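# Remarks on the overall topology
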Amino acid sequence: MSSGPEAVDVKRELTTLASQAKSAQELMSLMVKLLHDRMLKYNWVGFYMLEQGPPSQPPMLVLGAFEGAMTPHTRIPLHQGICGAAASTGKTVVVDDVSKDPRYLACSLETKSEIVVPIFVGGKVKGELDIDSHFLAAFAKEDRDLVEYCANLVGKRLEQSKT
Ligand code: SME
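Everything in this summary refers to the structure shown in the same document. Predicted model only: the values in this text are computed from it and were never measured.

### Notes on the packing of aromatic side chains
- Under the defined criterion, the tally for this structure stands at three aromatic pairs.
- Between the aromatic rings of Trp-44 and Phe-66, the centroid separation amounts to 5.8 Å while the plane-to-plane angle is 20°, which identifies the pairing as stacked. Taken together, the residues Trp-44 in strand 1 (residues 44–51) and Phe-66 in strand 2 (residues 60–67) connect sequence positions 22 residues apart.
- Judged by its relative accessible area of 26%, Phe-66 is partly exposed.
- Ring pairing ties together the aromatic residues Trp-44, Tyr-48 and Phe-66, which thus form one cluster.
- The ring centre of Tyr-149 lies 4.9 Å from the NZ or CZ of Lys-11, which sits over that ring.
- The positively charged end of Lys-41 is found above the aromatic ring belonging to Phe-135, 5.8 Å away from the centroid.

The structure is reproduced here in C-alpha cells:
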C-alpha cells in the first residue's frame with residue numbers, strides 16, 4: 001500500500017532539515033519526529049547506532065533518537081532481529097508481515113510490518129533507521145526510497161562531522 005504524495009513533500013522538508021541541523025545528533029532527533037508526525041503509517045521511528053565496545057564484547061546496536069512507545073530492545077546484537085539482519089548484511093530489510101518472520105523481535109503488539117535501512121559512513125555500517133507500522137505491508141517502493149534517502153542524509157552528515 002502506497003504512502004502517497006506525502007512522501008514527496010517530506011523528502012523536500014528533510015533536505016531543508018539536513019541543511020539546518022547543527023549536528024548529526026540533532027538531525028537524527030528532528031528526522032524521527034518529522035517522519036513520525038508526517039508519515040501516518042510510520043508508528044515507531046528510531047535509530048540504532050553500532051557500538052563496537054571493548055574487544056571482549058560483541059558489537060551492539062544501541063537505541064538512539066526515536067519517536068513512539070518505549071521499546072524493550074535498547075541493545076540488539078548483530079545476530080538478532082530484523083535490526084541485526086540489516087546491520088550485518090548492510091542491506092535494507094522490508095518485512096510485510098512481522099508475524100511470519102522468525103527473526104522479528106517484538107517491540108509492540110500492534111506492529112505489523114517493519115523496514116530497517118543501514119547507515120553507511122566511509123563504506124561501513126555505522127547504524128540504521130528502523131520504522132515499524134501498525135499496518136501490514138506499509139512500506140512500498142516510495143517508502144523504501146524515502147527511508148534510504150534519510151539514512152543516506154545521516155550517513156553523509158556523520159561522515160562530515162565524524163561524531
Ligand atoms: N523489531 C526489531 C526490534 C526493534 S523494535 O522494533 C523497536 C527487530 O526485529 O530487530
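Past the structure itself, the notes keep going.
### Here's the deal with the pattern of salt bridges
- For the structure shown, the criterion picks out seven salt bridges.
- A salt bridge links Asp-101 to Arg-103; the shortest N-O distance between them is 2.8 Å.
- Judged by relative accessible area, Asp-101 falls into the buried class, the value being 13%.
- In this structure Arg-103 comes out as partly exposed when scored by relative accessible area, which is 38%.
- Residue Lys-141 pairs with Asp-145 through a salt bridge whose shortest N-O separation is 2.8 Å. You can see Lys-141 and its partner Asp-145 sitting in helix 4 (residues 141–161), four residues apart, about one turn around the helix.
- Of the residues examined, Asp-145 reaches a relative accessible area of 32% and is grouped as partly exposed.

### Brief notes about the environment of Asp-97
- As for its placement among the helices and strands, Asp-97 is situated in the loop between strand 4 (93–95) and strand 5 (113–121).
- Taking the C-alpha atoms as reference points, Asp-97 and Lys-126, 29 residues apart in sequence, are found 26 Å from one another.
- A polar side-chain atom of Asp-97 sits 2.7 Å from a polar atom in the side chain of Ser-99.

### Re empty space enclosed by the protein
- This structure, assessed with the given rule, holds one cavity of 30 Å³ or more.
- The volume enclosed by the largest cavity comes to roughly 110 Å³.
- Lining of the largest cavity is provided by 14 residues; of these, Ile-76, Cys-83, Leu-105, Glu-114 and Asp-130 occupy positions nearest its centre.
- Those elements that place two or more of their residues in the lining of the largest cavity are strand 1, helix 3 (81–89) and strand 6 (124–133).

### Regarding the pairing of strand 1
- Taken across its eight residues, strand 1 has seven buried, putting it largely inside the fold.
- Pairing geometry for strand 1 and strand 6, over six bridges, is antiparallel. Counted as the bridge partner of Trp-44 is Asp-132 from strand 6.

Calculation notes
- Residues numbered from 1 in each chain as written.
- Predicted model: local features only at pLDDT ≥ 70, side-chain atom pairs only at ≥ 80, totals over all residues.
- Heavy atoms only, no water.
- Phe/Tyr/Trp six-rings, centres within 6.5 Å; stacked < 30°, edge-to-face > 60°.
- Helix = DSSP H or I, 4+ residues; strand = E, 2+ residues; numbered from the N terminus.
- Buried < 20%, exposed > 50% of the residue type's maximum accessible area, 1.4 Å probe, protein only.
- Lys NZ or Arg CZ within 6 Å of the ring centre and 35° of its normal.
- Salt bridge = Lys/Arg side-chain N within 4 Å of Asp/Glu carboxyl O.
- Polar contact = N/O pair within 3.5 Å; in protein donor to acceptor, adjacent residues only side chain to side chain.
- 1 Å grid on protein atoms, 1.4 Å probe; cavity = no way out; pocket = protein on both sides within 12 Å on 5 of 7 lines; lining within 4 Å.
- Points joined across faces, edges and corners; volume = space filled by probe spheres on them.
- Pairing = 2+ DSSP bridges.

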